[in-house]
Amino acid sequence: MTTAVILALTASALPVHAQTAADAALNMANMLDGAGGGVSGDDLLSALEDAAEAGQPMAMWQLGTMYENGEGVDRDPAKAFGYFAQIANQHADAAPKGVEADIVAQSFVKVGEYYREGLPDAGIPIDAERSHAMLLHAATYFGDADAQYRVGLLYMSDDGLGLNPLQSARWFSLAARKGHCPAQAQLGTMLFNGVAGIEAQPVEGLMWLVIAQQRCAATADAAWITDELNTAIAASAPEQQTEAYALAETIAPQFAGF
């Protein structure tokens, strides 16, 4: 990622998981102004805006997610983009393993998604090259699992980074080993079936699909992952299934902390 590319963005805590952006923002506002609770919506927004103005990435992230999703404020994708881009501009060289690394990496992912889709009302054009650059920075410099997964997807199509099964499998593998369950499923399918340059490895492929199905249960990805697993089971021998499930039971616990 060059300085020029980063600066061009100016012309989406840890990424929110169990709590909503509004919940996390309220916690931050309480911490910032010492209120300890009962903060009004206006005070909350003001506290976050003050913190963002002071350059705090967490505040920028929470404001970005609030405006992106319409949580506690009117939905405004342009403002959301602005906050995510500000994080990316100001913290592109943050320590990859630092406290705020996840926020910065996910901001690059968010900005990349905005450039992939475009936002005409805010003057943000569709720019595939810039979108790819954002994702690659998050995937390589920060080692962000979600970004690595998205780069893997880009290598599955000529419309992305160019069809390259080996590169796709490489990126899926990096994300899968960090507990990213959609990446685990994609890697599993590729290994089970084999692709150009990769000989079919049914047991290992089925193992990854089993782990992915267990870890992605009750998520938006559950249905397609279950379909991939069922397809692989139908095409595999009973002894392969037995071995794969045993391996999954042994390996899955290492992802419990993700």
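Residues numbered from 1 in each chain as written. Predicted model: local features only at pLDDT ≥ 70, side-chain atom pairs only at ≥ 80, totals over all residues. Heavy atoms only, no water.

(A) Structural view of the state of the cysteines. The final tally for this structure, using the stated rule, is one disulfide. Here Cys181 pairs with Cys216 through a disulfide, and the sulfurs are 1.9 Å apart. One quick way to see it: the torsion about the S-S bond of Cys181 and Cys216 is about 80°, and its sign makes the bridge right-handed. On the criterion of sequence distance, the pair formed by Cys181 in helix H10 (residues 181-193) and Cys216 in the loop between helix H11 (202-215) and helix H12 (222-234) is long-range, its members being 35 residues apart. Residue classification places Cys216 among the buried positions, given a relative accessible area of 1%. (Disulfide = S-S within 2.5 Å. Helix = DSSP H or I, 4+ residues; strand = E, 2+ residues; numbered from the N terminus. Buried < 20%, exposed > 50% of the residue type's maximum accessible area, 1.4 Å probe, protein only.)

(B) Focus on the confidence of the model for the protein chain. Overall, the predicted model of the protein chain reaches an average pLDDT of 85, with 83% of residues at or above 70. Here residues 1-19 scores under 50 on pLDDT; set against residues more than four positions off or in separate chains, the count is 48 contacts. (pLDDT = per-residue confidence, 0-100. Contact = heavy atoms within 4.5 Å.)

(C) Quick look at the environment of Ala105. Relative to the elements of secondary structure, Ala105 occurs in helix H6 (residues 101-117). Residue Ala105 is classed as buried on the basis of its relative accessible area of 1%. Considering only alpha carbons, one finds Ala105 and Ile87, 18 residues apart in sequence, at a separation of 9.3 Å. Not counting residues within four places of it along the chain, the set of residues in contact with Ala105 comprises Ala138, Phe142 and Asp144.

(D) Representation of the environment of Lys97 in the model. Here Lys97 is to be found in the loop between helix H5 (77-91) and H6. Sequence separation between Lys97 and Tyr141 is 44 residues, and the spatial gap between their C-alpha atoms is 10.0 Å.

(E) Region of interest: the packing of helix H9 (residues 165-176) against H10. Running from N to C, H9 and H10 point in directions that differ by 135°, and their axes come no closer than 8 Å. As summarised for this structure, H9 and H10 are arranged oblique, according to the angle between their axes. For the pair H9 and H10, the sense of crossing is left-handed. Where H9 abuts H10, its residues Pro165, Ser168, Ala169, Phe172, Ser173, Ala175 and Ala176 lie against Ala183, Gln184, Gln186, Leu187 and Met190. (Axes fitted to C-alpha atoms, helices over the stretch in contact; angles between N-to-C directions. Parallel < 35°, antiparallel > 145°, perpendicular 65-115°, else oblique. Left-handed = near helix turned anticlockwise from the far one by under 90°.)

(F) Main features of the pattern of salt bridges. Here the structure, examined in full by the defined rule, presents six salt bridges. Lys110 serves as the salt-bridge partner of Glu68, at 2.6 Å between the closest nitrogen and oxygen. Pair noted here: Glu68 is in helix H4 (residues 57-69) and Lys110 is in helix H6, with a separation of 42 residues, a long-range link. Residue classification places Lys110 among the partly exposed positions, given a relative accessible area of 21%. Linked by salt bridges that have partners in common, Glu113, Arg116, Glu117, Asp146 and Arg150 make up one network. (Salt bridge = Lys/Arg side-chain N within 4 Å of Asp/Glu carboxyl O.)

(G) Looking closely at the packing of aromatic side chains. Per the stated rule, a full pass over the model turns up eight aromatic pairs. Judged by centre distance (5.6 Å) and plane angle (90°), the ring pair of Phe81 and Tyr115 falls under edge-to-face. Here Tyr115 lies in helix H6 and Phe81 lies in helix H5, a separation of 34 residues in the sequence. One exposure class covers both Phe81 and Tyr115, and it is buried. Their ring planes at 40° and their centres at 6.3 Å tell us that Phe108 and Phe142 sit as a pair that is tilted. In this pair, Phe108 sits in helix H6 while Phe142 sits in the loop between helix H7 (128-140) and helix H8 (145-154), placing the two residues 34 residues apart along the sequence. The pair Phe108 / Phe142 is uniform in exposure class, with both members buried. Clustering of aromatic rings is evident, with ring pairs tying together Phe81, Tyr114 and Tyr115. (Phe/Tyr/Trp six-rings, centres within 6.5 Å; stacked < 30°, edge-to-face > 60°.)

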